[in-house]
Protein chains: 4
Amino acid sequence: MIVVLKPDAKEAKVDALKKKISELGVKINYSKGTDTTILGLIGETQAIDIHKLRSNEIVEKVIRVQEPYKKANRAFHPQDTIVNVDGVPIGEGHFTMIAGPCSVESEEQIVGIAKAVKAAGAKILRGGAFKPRTSPYSFQGMGPAGLELLLAAKKETGLPIVTEIMDLSQIPAFDHVDMIQVGARNMQNFTLLKELGRLHKPILLKRGLSATMKELLMAAEYIMAGGNEDIVLCERGIRTFEVATRNTLDLSCIPVLKRKTHLPVIVDPSHATGLSWAVESMAKASIAAGADGLMIEVHNNPEEALCDGDQAITPNQFEHIMQKLKQYAAIEEKAI
Amino acid sequence: MIVVLKPDAKEAKVDALKKKISELGVKINYSKGTDTTILGLIGETQAIDIHKLRSNEIVEKVIRVQEPYKKANRAFHPQDTIVNVDGVPIGEGHFTMIAGPCSVESEEQIVGIAKAVKAAGAKILRGGAFKPRTSPYSFQGMGPAGLELLLAAKKETGLPIVTEIMDLSQIPAFDHVDMIQVGARNMQNFTLLKELGRLHKPILLKRGLSATMKELLMAAEYIMAGGNEDIVLCERGIRTFEVATRNTLDLSCIPVLKRKTHLPVIVDPSHATGLSWAVESMAKASIAAGADGLMIEVHNNPEEALCDGDQAITPNQFEHIMQKLKQYAAIEEKAI
Amino acid sequence: MIVVLKPDAKEAKVDALKKKISELGVKINYSKGTDTTILGLIGETQAIDIHKLRSNEIVEKVIRVQEPYKKANRAFHPQDTIVNVDGVPIGEGHFTMIAGPCSVESEEQIVGIAKAVKAAGAKILRGGAFKPRTSPYSFQGMGPAGLELLLAAKKETGLPIVTEIMDLSQIPAFDHVDMIQVGARNMQNFTLLKELGRLHKPILLKRGLSATMKELLMAAEYIMAGGNEDIVLCERGIRTFEVATRNTLDLSCIPVLKRKTHLPVIVDPSHATGLSWAVESMAKASIAAGADGLMIEVHNNPEEALCDGDQAITPNQFEHIMQKLKQYAAIEEKAI
Amino acid sequence: MIVVLKPDAKEAKVDALKKKISELGVKINYSKGTDTTILGLIGETQAIDIHKLRSNEIVEKVIRVQEPYKKANRAFHPQDTIVNVDGVPIGEGHFTMIAGPCSVESEEQIVGIAKAVKAAGAKILRGGAFKPRTSPYSFQGMGPAGLELLLAAKKETGLPIVTEIMDLSQIPAFDHVDMIQVGARNMQNFTLLKELGRLHKPILLKRGLSATMKELLMAAEYIMAGGNEDIVLCERGIRTFEVATRNTLDLSCIPVLKRKTHLPVIVDPSHATGLSWAVESMAKASIAAGADGLMIEVHNNPEEALCDGDQAITPNQFEHIMQKLKQYAAIEEKAI
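Criteria and thresholds
- Residues numbered from 1 in each chain as written.
- Chains lettered and ligands numbered in written order.
- Predicted model: local features only at pLDDT ≥ 70, side-chain atom pairs only at ≥ 80, totals over all residues.
- Heavy atoms only, no water.
- Salt bridge = Lys/Arg side-chain N within 4 Å of Asp/Glu carboxyl O.
- Core = buried A, V, L, I, M, F, W, Y, C linked by side-chain atoms within 4.5 Å.
- Buried < 20%, exposed > 50% of the residue type's maximum accessible area, 1.4 Å probe, protein only.
- Contact = heavy atoms within 4.5 Å.
- Axes fitted to C-alpha atoms, helices over the stretch in contact; angles between N-to-C directions.
- Helix = DSSP H or I, 4+ residues; strand = E, 2+ residues; numbered from the N terminus.
- Parallel < 35°, antiparallel > 145°, perpendicular 65-115°, else oblique.
- Left-handed = near helix turned anticlockwise from the far one by under 90°.
- Nonpolar A, V, L, I, M, F, W, Y, C, P; charged D, E, K, R; others polar.
- Least-squares fit on C-alpha atoms with pLDDT ≥ 70 in both.
- Domains from an automatic or database assignment.
- Phe/Tyr/Trp six-rings, centres within 6.5 Å; stacked < 30°, edge-to-face > 60°.
- Pairing = 2+ DSSP bridges.
- Buried area = accessible area lost by both parts, 1.4 Å probe.
- Polar contact = N/O pair within 3.5 Å; in protein donor to acceptor, adjacent residues only side chain to side chain.

Points about the pattern of salt bridges
Once their charged atoms are close, side chains differing in charge can pair, the charge on each being opposite to the other. This model, assessed by the stated rule, comprises 88 salt bridges over all chains. Between E23 of chain C and K19 of chain C there is a salt bridge, with its nearest N and O atoms 3.5 Å apart. The network of salt bridges with common partners includes R207, E235 and D250 of chain A together with E242 of chain C.

What about the nonpolar core?
Soluble, globular proteins show a tendency: their nonpolar side chains are buried together. Formed by 321 residues in total, the largest nonpolar core has its most connected members in F318 of chain A, F318 of chain B, F318 of chain C together with L205 and F318 of chain D. Discounting chain neighbours no more than four positions away, the residues touching F318 of chain D are M97, A99, V117, A120, A122, I296, V298 and I313 of chain D.

Considering the packing of helix α6 (residues 213-225) of chain D against helix α7 (residues 253-260) of chain D
The description of two packed helices rests on the angle between their axes and on the distance between the axes. Residues and elements named next belong to chain D. Taken N-terminus to C-terminus, the directions of α6 and α7 make an angle of 45 degrees; their axes are 11 Å apart at the nearest point. When the axis of α6 is compared with that of α7, the two are oblique. Crossing of α6 over α7 shows right-handed handedness. On α7, the residues that touch M213, L216 and L217 of α6 are C253, V256, L257 and K260. Considering only residue class, the contact of α6 with α7 consists of six nonpolar, no polar and one charged.

Considering the relation of the copies chain D and chain C
The transform that puts chain D on chain C rotates by 180 degrees and translates by 0.0 Å along the axis, for an RMSD of 0.0 Å. One copy is carried onto the other by what is essentially a two-fold rotation axis. Measuring from the rotation axis to each C-alpha of chain D, the shortest distance belongs to S210 of chain D, at 3.1 Å. In this assembly the copies share their binding face: 100% of the residues contributing to the interface of chain D also contribute to that of chain C.

Brief notes about the domain arrangement of chain A
As assigned here, chain A comprises domain 1 (2-63) and domain 2 (83-331). A straight line from the C-alpha centre of domain 1 of chain A to that of domain 2 of chain A covers 44 Å.

Brief notes about the packing of aromatic side chains
Given two aromatic rings, their pairing is described by the distance between the two centres and the angle made by the two planes. Residue and element names in this part refer to chain C. Under the counting rule described, the total for this entry stands at ten aromatic pairs over all chains. Summarising the aromatic geometry, the rings of F190 and Y222 are spaced 4.6 Å apart at their centres and angled 25 degrees between planes, so their arrangement reads as stacked. Taken together, the residues F190 in helix α5 (residues 190-196) and Y222 in helix α6 (residues 213-225) connect sequence positions 32 residues apart. Here F190 and Y222 have matching classes, each one buried.

Examining the sheet that holds strand β1 (residues 2-5) of chain B
All names here are of chain B. Spatially, the four strands line up as an open sheet ordered β2-β3-β1-β4, and their pairing is antiparallel. If you trace the sheet from one side to the other, it starts and ends with β2 (27-32) and β4 (59-63), each paired once. Going from strand to strand, the sheet's axes swing by 20 degrees on average, the running direction of each strand aside. Running over the sheet, helix α1 (residues 11-22) touches β1, β2, β3 (37-42) and β4 and is turned about 155 degrees from β2.

Some points on the interface of chain B and chain A
Listed per partner, the contact involves 47 residues of chain B and 47 residues of chain A. Carbon and sulfur atoms supply 46% of the area buried between chain B and chain A, which totals about 4200 Å² over both sides. Of all residues in chain B, the largest losses of buried area upon contact with chain A belong to H51, Y137 and E303 of chain B, amounting jointly to 16% of the total for that side. At the boundary of chain B and chain A, one finds eight salt bridges. Of the charged contacts, one joins R239 of chain B and E215 of chain A as a salt bridge, the two residues approaching to 2.6 Å between their closest N and O atoms. Taken together, the connections running from chain B to chain A amount to 29 residue pairs in polar contact (both at pLDDT 80 or more).

Here we look at the interface of chain D and chain C
Across the contact, 47 residues belong to chain D and 47 residues belong to chain C. When the two sides are added together, the surface that chain D and chain C hide from each other amounts to roughly 4200 Å², 46% of it contributed by carbon and sulfur. Linking chain D with chain C are eight salt bridges, by the criterion used here. With a shortest N-O distance of 3.7 Å, D310 of chain D and R54 of chain C are connected by a salt bridge. Between chain D and chain C we count 29 residue pairs in polar contact (both at pLDDT 80 or more) in total. Ranked by the residues each element gives to the side of chain D that touches chain C, the list is headed by α6 of chain D, at five residues. Considering only residue class, the side of chain D that touches chain C consists of 16 nonpolar, 14 polar and 17 charged.

As structure tokens, this is what we get:
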């Protein structure tokens with residue numbers, strides 16, 4: 001951590017600051033230039049409060065050199081993490097397909113889609129029971145009944161299930177869910193993250209709408225700090241000024257996250273673009289970019305979907321995309 | 001609502017779509033040009049699912065003409081709402097000052113600050129008991145004990161209190177809190193918003209880090225749809241590419257929100273800039289822009305604050321700002 | 001074009017507005033609902049000034065339904081454009097590799113790199129002679145002498161050359177350049193675009209740092225309106241809040257632009273990420289996403305490059321990436 | 001400047017890097033921690049190429065501690081600069097009003113508006129002769145004839161004039177213009193900036209649509225490096241995800257720029273919001289925030305304006321705003 005002092009800092013104040021910093025258990029490297037004086041803090045700086053230092057009257061700025069996360073940090077955990085979702089691996093060497101509808105609507109619908117996507121090659125079934133809708137007047141999901149139908153679809157097909165949690169009060173209801181999804185809007189719901197850190201269950205953590213990669217990793221760190229290290233990160237588009245797509249899919253986050261962390265990274269091209277006809281190209285781009293899997297919205301009848309029909313593809317289209325992805329997986333030497 | 005059809009849409013499909021739309025209870029105005037055919041939907045369009053329409057194969061795009069919110073909409077509620085916080089009004093004609101520390105640290109601290117800001121002219125005391133921190137290794141707030149200390153400070157000074165809730169499980173603990181704050185990261189925690197809609201208590205709703213004004217109003221609509229219409233909106237900076245300030249304070253949201261809604265709008269210059277020395281100018285700019293009040297972080301010893309010390313001002317600085325604001329309030333004919 | 005009127009618009013004013021609009025040569029479809037009255041404008045609306053309509057006192061908002069560009073619009077020109085750069089095609093069916101250093105530094109450097117990238121499969125040589133640097137104290141490019149060296153490299157290798165123009169006064173000097181690059185910062189230099197529209201020479205038009213796809217297409221329209229229709233669009237990253245990459249590469253622009261326009265679209269992964277180690281994954285993702293080619297920075301000695309060394313790859317790394325891209329091109333059935 | 005080395009950097013490579021850096025004329029402060037090794041570069045670091053350092057194989061990251069600009073930097077020039085525009089001062093102690101139409105349309109129009117705004121208190125006349133329009137099919141300005149009409153209006157009223165230049169080839173035509181405006185889209189037209197640096201004439205430099213404050217100051221530095229130090233900075237809104245306003249007016253840039261530079265800062269609320277009814281509140285907020293003046297679009301007949309009529313106010317509205325601003329100026333003790 002680098003502390004840049006103001007040019008006119010009095011020596012007595014500098015000494016007082018150095019003393020205060022020493023008490024935090026780090027070593028100080030003092031360097032005085034003509035225009036700038038710098039304190040280099042060496043040691044365990046993760047727990048130092050950067051805002052507190054900045055509020056000191058002689059401090060010009062404070063720059064963090066080390067990443068503020070430890071457990072999610074590849075530097076301290078070089079080997080790739082492979083997350084096991086009821087027998088299905090996500091991580092290095094695999095390219096795992098997750099598919100299913102935006103929301104569970106009926107047993108016939110979810111079981112039908114589950115069978116279709118399994119036949120095409122999906123390994124995990126997705127489907128929403130609790131839906132975060134921007135309008136209180138929109139369909140809010142089936143709730144607990146939706147979870148039941150997901151379990152029925154699992155029984156029928158053997159596919160593990162992933163579904164979104166919206167509040168920590170729902171945790172007991174998610175007992176039989178194989179992987180719990182934390183949606184983009186909950187990525188910094190720290191109270192929820194802490195509770196999920198106490199579970200022994202894989203978490204699918206979606207990047208927030210305007211979250212930096214560092215913040216995504218800090219959200220993962222929240223869960224991991226509690227003891228649960230089975231986390232899959234998911235890029236789903238960030239908010240920019242562009243309006244032709246719902247969000248801007250940030251595929252360059254894949255090589256960057258792969259350097260910064262050992263956790264697997266998957267992509268949700270459906271929510272990222274909001275355009276069913278852009279899913280195929282973004283799915284292929286994701287595997288090419290180094291992603292560990294995809295989460296794709298598939299609906300048997302998008303025109304009648306109760307939620308986000310404009311971004312869902314049909315089982316036929318999914319089957320076609322799978323064929324393409326298998327060719328890409330062969331080049332990248334990944335099991336799909 | 002405008003539905004633009006694809007140029008090559010077959011007549012039979014157009015008729016089928018028109019029939020389906022009619023069943024939603026709206027009238028259709030059909031207009032066919034050389035390049036573009038348009039369906040104008042007239043009537044109660046708020047509940048129509050725009051994604052479903054877009055997923056129809058002959059639809060090119062769907063454009064919403066009316067705002068998707070009703071209860072928060074000034075068009076249906078022209079008169080300004082004045083929210084009463086245990087006797088303190090927020091809204092048209094008033095300029096209400098809310099002040100206090102980022103987080104409650106001790107009885108001495110919170111009571112001391114409360115007395116100081118009251119003496120300077122603050123009408124409501126703020127202070128965090130549950131803190132949403134980006135790092136799991138940072139101070140997370142005093143929790144329920146912090147709420148107790150806030151109540152002690154209220155008892156001592158008579159100032160109503162506002163403090164942030166982080167999860168709906170905390171609602172019972174907020175029983176004696178005068179106004180519940182929903183933080184930026186929870187603006188789209190729809191489960192929480194619904195619960196708050198069932199309370200009879202003012203809600204301070206902060207704009208999300210990357211929320212549009214429309215989304216802010218939809219979040220308010222969530223609470224209002226449940227029956228609780230005492231909502232104060234709070235601009236606290238949005239996320240942009242600029243890095244010299246923590247966020248970019250969007251003061252132009254004030255005249256725009258004032259046109260779109262009847263709810264009061266206040267500003268938090270402390271979180272917006274993250275710079276204690278920018279608070280004064282942004283405070284003055286807020287009242288000039290038409291805000292109904294301010295929420296400012298004040299700490300008796302910013303250098304030792306357990307949270308966000310770099311954006312807090314001292315009671316002396318607060319007193320100085322109040323003097324300036326009183327001059328501005330006189331010009332704008334507002335009670336301060 | 002849709003004109004939404006204010007709810008309280010007087011009939012006389014509405015009639016006056018309708019008369020004024022009729023004089024613009026478009027037909028009006030009038031539709032009056034309970035809350036909203038709408039005028040649908042049918043016909044040639046591209047030239048109508050949306051700001052002028054909006055300034056009318058009874059107008060609530062104006063929404064453009066048709067795209068404001070014509071010549072760049074796929075709706076009026078369904079067939080893909082293939083741009084010919086001195087014999088090298090860019091467009092459908094081809095995947096064209098452009099490579100070379102950020103800036104030309106010496107004959108030895110540019111000829112050496114040209115030979116190396118040609119051997120690996122590059123079809124066009126890039127290299128900057130005039131450099132837009134953010135600091136006046138940085139190396140500003142070799143200027144005209146740099147253009148000479150590029151021509152020498154072309155003579156040696158036969159590779160057509162592309163290089164950036166910074167001002168219309170430089171046009172005569174670009175007489176022998178095969179394709180003129182308009183940089184991101186000049187995408188809306190309308191004076192320059194107009195002049196380029198008078199040339200008979202391919203233009204490589206880079207997307208501005210914060211340009212929407214619509215604005216990129218309007219910039220192309222500026223050039224095309226002058227008569228020059230040989231334009232290649234280039235995605236090179238947009239500006240967002242993310243700081244881990246120099247810009248955010250928006251690969252979803254490829255399927256969207258492919259729908260909206262007939263012009264070829266290539267990607268510059270070097271400037272987009274600013275990270276040499278992210279070039280390979282983004283290059284592969286680009287071809288997977290449907291791009292028509294790539295522009296990659298290659299330097300024989302990145303550590304000594306006079307410009308942007310941190311994003312350049314070596315000829316060896318380029319050769320390795322080409323091998324990978326050939327496998328991808330085979331799947332996508334593109335000539336590389 | 002801080003150079004953070006990779007954890008596994010070999011000693012020989014570190015020594016080589018240190019030697020190379022020493023040759024740049026700066027001193028090195030070496031500090032080795034357990035996880036991180038840091039080189040602190042002390043001295044004249046402005047001219048060091050950060051990209052070149054980053055491309056070194058043992059370098060993890062490079063962080064600039066000092067600002068990269070010198071002449072625009074308040075640290076080296078503590079006193080406020082007051083720019084003299086043909087007798088009208090802009091800068092500390094003054095609040096200078098610039099007003100006029102988006103574009104010059106006729107002698108009657110520009111002279112009429114000039115008289116009206118002068119009567120209300122404007123000190124400088126604005127008006128566009130060359131217009132940067134996003135569509136090639138929109139009115140492009142009157143060109144040189146427009147400059148003639150501006151001079152006629154100056155002759156009639158005595159108001160100095162400011163108008164926008166679009167290309168360096170227009171410089172001779174701007175000989176009698178009192179202040180040359182560089183528009184947002186040209187803020188990084190470095191070729192133009194260099195030429196303007198050779199003039200002895202005030203420059204009004206508008207912030208780019210997605211320019212950081214640092215980039216705005218670097219653009220000023222480009223001009224100042226050439227010898228022309230009479231620069232007025234202008235905030236005119238930045239591009240964000242918000243769509244309810246044309247841009248997001250970043251008023252917090254005022255206190256920040258005032259700390260970083262000695263140059264005056266004015267605000268253009270008309271282009272920032274694109275909403276004529278938001279101009280008053282943003283004008284008042286600007287003076288409250290510490291701006292040195294305003295540039296406001298005024299049109300005698302906004303509904304018939306050839307350009308941006310929706311953001312223009314009438315002379316009557318301008319007169320009303322001036323009354324308000326005079327009250328604010330009295331509080332802030334500024335000459336208006």
